[in-house]
Amino acid sequence: SGAPPRLLEFDRETGQLLTEFRIPNRYLPRDDPAADDTPSGVQSNLGFEALTTSGSPSRSTWVEPFRLFMATEGPLLQDLDDDLAIAPKNRLLHYLIGENQSTLISEHVYPLDLSPTGALVNGLSEILTIDRGGHFLALERAFGLKGFAIKLYQIATGGATDTSTVTTLKGELNGIVPIRKRLVNG
């Protein structure tokens, strides 16, 4: 099992810890053979990679809460499919942040592309907020025997199912609407 993922906010001037965001338990690595647990949590070196904000994160200029979005680079262990023909499913978290508050609002499925032939690692490495309407740019990056492959997508979270209560995304997404994505360049 790996180190647990964390999301921390620090004061830029003093370096003092301001906020430790609550990460849902399903992201915490668990693999206890004595307890006969099924491995779960983030994969080693495929935890939270992509992060973006919308609004003003400056505490001195807050007019309204801002939003923070972050996604795993790869699927959680409990979301991995045995069938390699099923596209991997990452998770994107949406937090609302205001003065003295940080609240997890929702979680959505990000459908990662299948790994290109010869890829050793394929993942979601970056997201960028385009607007406050749930539109982003997403960068998927693969590395393997042929070098790097990069694809840029425009994604939209509107209409995507909130999966914050879904234990596993293994198998087909029956009844779950994932984030929509459209290839921009790649």
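Definitions and cut-offs
- In this numbering scheme, every chain counts its residues from 1 along its sequence in written order.
- Two thresholds apply to this predicted model, a pLDDT of at least 70 for residue-level local features and 80 or more for giving and counting side-chain atom pairs, whereas whole-chain, interface and lining totals are computed over all residues.
- Just so you know, side-chain values use all the structure's heavy atoms and leave hydrogens and water out.
- Each helix is a run of DSSP H or I of at least 4 residues and each strand a run of E of at least 2, with the numbering of both proceeding from the N terminus.
- Summary of the burial criterion: residues with accessible area below 20% of their type's maximum are buried, those above 50% are exposed, and those between are partly exposed, where the area comes from a 1.4 Å probe applied to protein chains only.
- In this analysis, two residues are considered to be in contact whenever any of their non-hydrogen atoms come within 4.5 Å of each other.
- Note on areas: Shrake-Rupley with a 1.4 Å probe; residue coverage comes only from the protein chains shown.
- Criterion used throughout: strands pair if DSSP finds at least two bridges between them.
- Interaxial angles span 0 to 180 degrees and are taken between N-to-C directions of axes, which are lines fitted to C-alpha atoms, for helices over the stretch in contact.

**Quick notes on the overall build of the chain**
Point 1. Within the chain one finds zero helices and 10 strands.
Point 2. When its helices and strands are written in sequence order, the chain yields β-β-β-β-β-β-β-β-β-β.
Point 3. Relative to its 186 residues, the chain shows a buried fraction of 40%.
Point 4. Of the contacts formed within the chain by residues at least 6 apart in sequence, a portion of 54% connects residues at least 24 apart.
Point 5. Of the roughly 10400 Å² of accessible surface on the chain, 52% is carried by carbon and sulfur atoms.

**Quick notes on the sheet that holds strand β10 (residues 180-185)**
Point 1. Across the sheet, four strands lie side by side as β7-β8-β9-β10; this open sheet has antiparallel pairing. The sheet terminates laterally at β7 (119-129) and β10, the two strands that pair on one side only. Across the sheet, the mean angle from the axis of one strand to that of its neighbour is 30 degrees, orientation sign disregarded.
Point 2. In this sheet, β10 lies alongside strand β9 (residues 147-156) in antiparallel orientation, the contact comprising five bridges.

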